[in-house]
Amino acid sequence: MPKIHAVSTYNPPFTLVQTQAEHFVRTLFSQKITQLERYLRVFENGEILNRHLTMPIDWYKQDHDFAERNRLYIEHAVSFGVTAIESCLEKAGGVSTKDIDAIVFISSTGISTPSIDARIMNKLPFSEHVVRIPIWGLGCGGGAAGISRANDYCIAHPASKVLVLCVELCSLTFQANDLTKSNLIGTSLFGDGVACALVCGDAVMASSRQPLPAIKATASKWLPNSEDVMGWAVENTGFHVIFAKSIPSVIENWLAPFVEEFLQTNKTGLSNLHHFVAHPGGKKVLVAYETALRIDSQLLIPSKTILQDHGNMSSPTVLYVLEKTMTEYANKGDIGLMAALGPGFSGELLLLEWK
Ligand SMILES: CC(C)(COP(=O)(O)OP(=O)(O)OC[C@H]1O[C@@H](n2cnc3c(N)ncnc32)[C@H](O)[C@@H]1OP(=O)(O)O)[C@@H](O)C(=O)NCCC(=O)NCCSC(=O)CC(=O)O
């Protein structure tokens, strides 16, 4: 069974306190949005205290075209990605970039051809034969899906070491002239984050004496005709967020049967879980998980803590939760369920066992 040998996270340099974000939005949108004060309550209600930004707060007050946003995305995705990879390999006991067989690069908040992985390979000494697997458009589901695809690769090639790098600079897509409710809610919710995981096949010895999560099984599921639930509207000013207010109820109605069927197929059940590594999409998303799955709210503490300290960072978020679970909660023999959902609408589940 492939194992996750290490996970690293990197926080972009500027911290945004939620009260500061509320003040910023009040100043920017006053006189433009009716009932603004009523909607601003979401900043206090969302159970988010801090987020991280790529640019200083003043940058977000000005208009920027798509070209400028994307230039900044490429520049910072490369430099943050380099740091996250170095720290992941260091945590794995000093694995060399030259020994990496494949790199899965996950992102949905900017575009680049060649993809960011190739640009990073010009900064770090990777092998010329590394297999590049850039995946775009999975949004918040990307971190879990990336680990699943690395798992598939390691099953096919058991001596492989595969990096999964998630970079989302959500704040660079911020639209100061988009007066929709979704944009306003999104401004209270999304932040920037970077995470990297090293997944290795069965033939690779771990340097750590700590128990590591082995990937016992994975599953994907797609909800037909749900393109309008989550995504980007691409305009001349860049990406404008689409996310339906029905997401928590979609999760409540659609996720439970998927999870139950997945666990049953793998001869286990919700009552056997020690850890729930859930993507914290927002306060009501976590409530939907709790209601739909009828799980102990204690299992959601790592997800709630990450939401509180970082907001929703899209794809890396679930790896932040995994890193926290690995370092602060998990013991040998523990069983965990990793779950994330994203545009499609689709979901990815992984069953983990700490070995
Ligand atoms: C943002 C919140 C904390 C705010 O909670 P509150 O209790 O303060 O307020 P509320 O839910 O009543 O919402 C306040 C007002 O905003 C509106 N509103 C809420 N969400 C909206 C949305 N996505 N688009 C447009 N309007 C929206 C509500 O209808 C209401 O307006 P009115 O009163 O006029 O009706 C919560 O709504 C929340 O956690 N929502 C879930 C966020 C979410 O969808 N995250 C997933 C991102 S994608 C993702 O990450 C994938 C995944 O999660 O799996």
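The structure this text deals with has already been given above.
Here the structure is a predicted model, which is why all the values come from computation and not from measurement.

J.: Looking at this model, I keep getting lost on the packing of helix 1 (residues 18–29) against helix 6 (residues 181–189). Mind explaining?
T.: To describe two helices that pack against each other, one gives the angle between their axes and the distance between the axes. Two elements in contact, helix 1 and helix 6, have axes whose closest approach is 9 Å; the angle formed by their N-to-C orientations is 155°. Judged on the interaxial angle alone, helix 6 and helix 1 are roughly antiparallel. For the element pair helix 1 and helix 6, the recorded crossing hand is right-handed. The segment helix 1 lies against helix 6, with Gln18, Val25 and Phe29 engaging Asn183, Leu184, Thr187 and Ser188.

J.: Whenever I open this one, unusual backbone geometry confuses me. Can you help?
T.: With glycine set apart, most residues show a phi of negative sign, and most peptide bonds adopt trans. Residue Pro114 follows Thr113 across a cis peptide bond; omega there is 0°. With an omega dihedral of -5°, the bond running from Gly344 to Phe345 counts as a cis peptide bond. As for its placement among the helices and strands, Phe345 is situated in the loop between strand 12 (335–342) and strand 13 (346–354). A positive phi angle, close to 60°, is found at Ser314, a residue other than glycine. Mapped onto the secondary structure, Ser314 falls in the loop between helix 9 (301–310) and helix 10 (317–329).

J.: Which parts of the structure should I look at to understand the site of the ligand?
T.: Within the structure, the ligand sits among 25 residues, and Tyr39, Asn45, His279, Lys284 and Asn312 are positioned closest to it. Here an oxygen atom of the ligand sits 2.8 Å away from a polar atom, N or O, in the side chain of His279. Considered on its own, the ligand offers 1000 Å² of accessible surface; in the complex 84% of this is hidden by protein. Elements that contribute at least two residues to the shell around the ligand include exactly helix 2 (36–45), helix 6, helix 7 (247–265) and helix 8 (283–293). Here the residues of the shell around the ligand are counted per class, giving 13 nonpolar, seven polar and five charged. Counting contributing residues, the shell around the ligand receives three or more from each of domain 1 (3–200) and domain 2 (213–354).

J.: Help me understand the pairing of strand 9 (residues 230–235), please; the structure alone is not making it clear to me.
T.: Within a regular beta strand, the side chains point alternately toward one face of the sheet and then the other, so they alternate between its two faces. Direction of pairing for strand 9 relative to strand 10 (residues 238–243): antiparallel, over a ladder of six bridges. Opposite Met230, over in strand 10, you have Phe243 as the bridge partner.

J.: Please explain a positive patch on the surface as it appears in this structure.
T.: Together, Arg38, Arg41, Lys181 and Lys245 make up a positively charged patch on the protein surface. By the element assignment, Arg41 lies in helix 2.

J.: Just to check I follow, could you spell out the packing of aromatic side chains for this structure?
T.: In this description, an aromatic ring pair is defined by two values, namely the gap between the centres and the angle between the planes. A full pass over the atoms with the stated rule returns 10 aromatic pairs. Pairing Trp254 with Phe258 gives two aromatic rings, centres 6.0 Å apart and planes at 45°, and the pair type is tilted. With a gap of four residues between them, Trp254 and Phe258 both fall in helix 7, about one helical turn apart. Taking the relative accessible area as the measure of exposure, Trp254 reaches 10% and is therefore buried.

Conventions we followed
- Residues numbered from 1 in each chain as written.
- Predicted model: local features only at pLDDT ≥ 70, side-chain atom pairs only at ≥ 80, totals over all residues.
- Heavy atoms only, no water.
- Axes fitted to C-alpha atoms, helices over the stretch in contact; angles between N-to-C directions.
- Helix = DSSP H or I, 4+ residues; strand = E, 2+ residues; numbered from the N terminus.
- Parallel < 35°, antiparallel > 145°, perpendicular 65-115°, else oblique.
- Left-handed = near helix turned anticlockwise from the far one by under 90°.
- Contact = heavy atoms within 4.5 Å.
- Near = heavy atom within 4 Å.
- Polar contact = N/O pair within 3.5 Å; in protein donor to acceptor, adjacent residues only side chain to side chain.
- Areas by Shrake-Rupley, 256 points an atom, 1.4 Å probe, with all protein chains shown as cover.
- Nonpolar A, V, L, I, M, F, W, Y, C, P; charged D, E, K, R; others polar.
- Domains from an automatic or database assignment.
- Pairing = 2+ DSSP bridges.
- Patch = residues over 30% accessible without salt bridge, like charges linked within 9 Å, V, L, I, M, F, W, Y side chains within 5 Å.
- Salt bridge = Lys/Arg side-chain N within 4 Å of Asp/Glu carboxyl O.
- Lys, Arg positive; Asp, Glu negative; His and termini not counted.
- Charge placed at Lys NZ, Arg CZ, Asp CG, Glu CD.
- Phe/Tyr/Trp six-rings, centres within 6.5 Å; stacked < 30°, edge-to-face > 60°.
- Buried < 20%, exposed > 50% of the residue type's maximum accessible area, 1.4 Å probe, protein only.

None of this, on its own, says anything about what the molecule does.
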